[in-house]
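The chain contents come next:
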Amino acid sequence: MEPLRLHLNELPWPPPKEVLDAARKGLEKLNRYSDEKKLQELMFKLGDYTGIASERIILSPGSDILLREAVHLFTQQRKVVTLCPSFLPTVTSARQTTNQLTRLRLSLPDFRLNMDLLKSELEGPCLLILDNPNNPTGKIVISPDEVKTLLEKEDVLLIVDEAYYEFSGITCANLVEKYPNLLVTRTMDKVFSLAGARIGFGLAGDVFLKKLSDFFIYLPQIALYACLAALDKKELMKERVNFIIEERKRLVEKLLTEGVEVYDTSANFILINSPIPEVVEELKKEGILITDLSHQMPQGFIRITIGKAEENNQFFNKFQKLRNRFGLTKKYDE
Amino acid sequence: MKKIGLVVNPVAGMGGSVGLKGTDGDFYRKALKLGAKPVAPFRTENFISNVKHRKDIHFYSAPEKMGEDILKNTDLKYTVIGSIEKQTTAEDTKKIIRLLLKEKIDLLVFVGGDGTARDVYDAEGLEVPVIGVPSGVKVFSSVFALSARSAAAMLDRFLNGVELKEEEVLDIDEEAFRNNILSARLYGYLKVPMLKDLLQVGKKASSTGYSAKENKEEVSRYLEEQMERDVLYLLGPGTTMKSLTDRLGLDKTLLGIDAVLNGKLIQTDVNEMAILDLYQDYDKRKIIVTPLGGNGFIFGRGSRQFTPEILSKTGKENIILAGDRDKVSCLDCLHIDTGDLEVDKSMSGYAKVVVGYGETVVLEVKY
Ligand SMILES: Cc1ncc(COP(=O)(O)O)c(C=O)c1O
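Computed from a prediction, not measured in an experiment: that's the story for all the values here. (Residues numbered from 1 in each chain as written. Chains lettered and ligands numbered in written order. Predicted model: local features only at pLDDT ≥ 70, side-chain atom pairs only at ≥ 80, totals over all residues. Heavy atoms only, no water.)

Participant: Would you mind showing me how to read the packing of aromatic side chains here?
Facilitator: For any two aromatic rings, the description comes down to two numbers: the centre-to-centre distance and the angle of the planes. According to the stated counting rule, one finds 13 aromatic pairs over all chains in the structure shown. Ring pairing ties together the aromatic residues Tyr33, Phe216 and Tyr218 of chain A, which thus form one cluster. Above the plane of the ring of Tyr187 of chain B lies Arg118 of chain B, whose end atom (NZ or CZ) is 5.9 Å from the centre. The ring of Tyr279 of chain B has Arg285 of chain B sitting right over it, with the charged end atom 4.2 Å from the ring centre. (Phe/Tyr/Trp six-rings, centres within 6.5 Å; stacked < 30°, edge-to-face > 60°. Lys NZ or Arg CZ within 6 Å of the ring centre and 35° of its normal.)

Pasting the structure below:
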């Protein structure tokens, strides 16, 4: 049996029929590079979706690749400031190119980013990278107003990674028109049910736009056609997002009632701190994949993607079974 | 055929499920009364079932619930050594390990927590390499594998020949830990097989691409470049500091504090009096220490040489923190508990820990 994938923050449903049909059209043109007009059309549609001029849109085969490219282009001679924990591939890219990397710890219980501390770190030319909501804490770490105050510093370049924007509803997108030193990255992979298509995009302020638009990006045909069709199904996307948010709340409530140390988020996953030994391995044996956070969080932290209702229940039941095995489900009085 | 010793602390980890932080002393009986279930046999089974090179090993095991009971149900070759009391204690662990050493084992696998690691250190020091399968409630010592499965992977790797490294055994004050006070002291070191990808589990989480050794070299290269002339450096205990002195061509005491000036070792294993004497002679001074893995302790009741008086004479701005990237990345915050509230307060706030060449993590220091 296929394992239940609750480890990569994907959406549990395949794309709708219209999107799959479009992807098939793309498949038939596999001997060709993608058509410039179609790529233009995608930029228009994304401009429409985000409310940003389409010239500011940078296409990329996955937002992780765009983040890597931006980091590689803009870290030379710059100090890089980012978070710990955060989306690791971006940190790794920074480590490859800079000799000045500072990560600010987001601490329990609320994983708040201390703005005074952050500002004190932004001395001289620097590149600040914030995933907002943050992965894996799922917290909104900074507000658009706070972002503005940072962007007033000319020496600061700021990348805001908004991979989970549709779940949080909070964005800095409209600031890219005014601030040349801002890049916002987004992805089609999560909420449009297109992780396998791998399309990300950036909304670039002038400084970023200038360098990132040096190359013409021919996206893969199938992905391009699928994305174009998916952007016509925004209502479905919103329904799916709302469903996941409701499910997230439900699961958090349920876990809280059971006395589990659980952290709610502004994204499509939750965090649990559990004393069950090797809980990731144990759940894997039961056919459920979740993410071990022990590289970036204290021992015991795991991340679970929210899936369909029955999938979340399946996780809950298996998790409870494990807790039971370790005597964690009953409450004892001394 | 390799001879592998096996010692299981059968009660390790039982306190956790019922909210007790450890099973030392009377707390074991309390844990039982609260309905705690044994964890160690389960961890041991998990370890054993994941070992791949099953034909190339012969276990020398402690009797009954300290190892034999689990091996009994497997296809593995084993010999039982010695005898144990009905209610097992630390003495049983130590006694069996001494007997295992006489059998000339190549490696010792032990299952337990920090307390068990201390017993192992008491009984064998650095004589044979060990693999620690984590099962205790307090597993802060870095001698432990990440999980029973990675312990099994370690054993397989060991059989193919692998480098060894020294890792920390910590002494956590269990009474204080129950009251949510973390107090830890470096107790000793054990030799463990080096497994580069031990920490690399998740796909996205794994891309640092550095081994612990490379990381230490990076940190020490950076620290060396930052060292200033005519400044007295007091280097705390641990392998990160040792890699710095190795780099400088100096011979450091692993557990002690050593004084370095202009690239020369001027005094080793200094205590408070010796440090105060040195402070009379040198007015520019810095302390470099490593936060303890797991709990992030920088100065505590354990590291007695860095007394409140010395810390206030040194000043927060002259304290440099440096450590292993993977370990520091998992810390939620740093801890300080010198026993002097004023000093703790003056050292609190935020601090930077060097974890790579020019790479730092900024954490809150809590007291
Ligand atoms: C915070 C964050 N940013 C970026 C990405 C990358 O998304 P993609 O490469 O699929 O566009 C992810 C994926 O998990 C993420 O969690």
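Participant: Can you walk me through the site of the ligand in this structure?
Facilitator: Near the ligand lie 14 residues; those nearest to it are Ser63, Asp161, Tyr164, Thr187 and Asp189 of chain A. Neighbouring residues of the ligand are not confined to one chain but are distributed across chains A and B. For the ligand, whose unbound accessible area comes to 390 Å², protein coverage reaches 96%. Tallied by class, the residues present in the shell around the ligand amount to 3 nonpolar, 4 polar and 7 charged. (Near = heavy atom within 4 Å. Areas by Shrake-Rupley, 256 points an atom, 1.4 Å probe, with all protein chains shown as cover. Nonpolar A, V, L, I, M, F, W, Y, C, P; charged D, E, K, R; others polar.)

Participant: It is not clear to me how the packing of helix H10 (residues 234-257) of chain A against helix H12 (residues 309-325) of chain A should be interpreted in this structure. Could you clarify?
Facilitator: A pair of packed helices can be characterised by two numbers: the angle between their axes and the separation between those axes. Residue and element names in this part refer to chain A. Running from N to C, H10 and H12 point in directions that differ by 20°, and their axes come no closer than 10 Å. The angle between H10 and H12 falls in the class roughly parallel. Every pair of crossing elements has a handedness; the one defined by H10 and H12 is right-handed. Residues Phe243, Glu247, Arg250, Leu251, Lys254 and Leu255 of H10 pack against Ala309, Asn312, Asn313, Phe315, Phe316 and Phe319 of H12. Looking at the contact of H10 with H12 residue by residue, the class counts come to 7 nonpolar, 2 polar and 3 charged. (Axes fitted to C-alpha atoms, helices over the stretch in contact; angles between N-to-C directions. Helix = DSSP H or I, 4+ residues; strand = E, 2+ residues; numbered from the N terminus. Parallel < 35°, antiparallel > 145°, perpendicular 65-115°, else oblique. Left-handed = near helix turned anticlockwise from the far one by under 90°. Contact = heavy atoms within 4.5 Å.)

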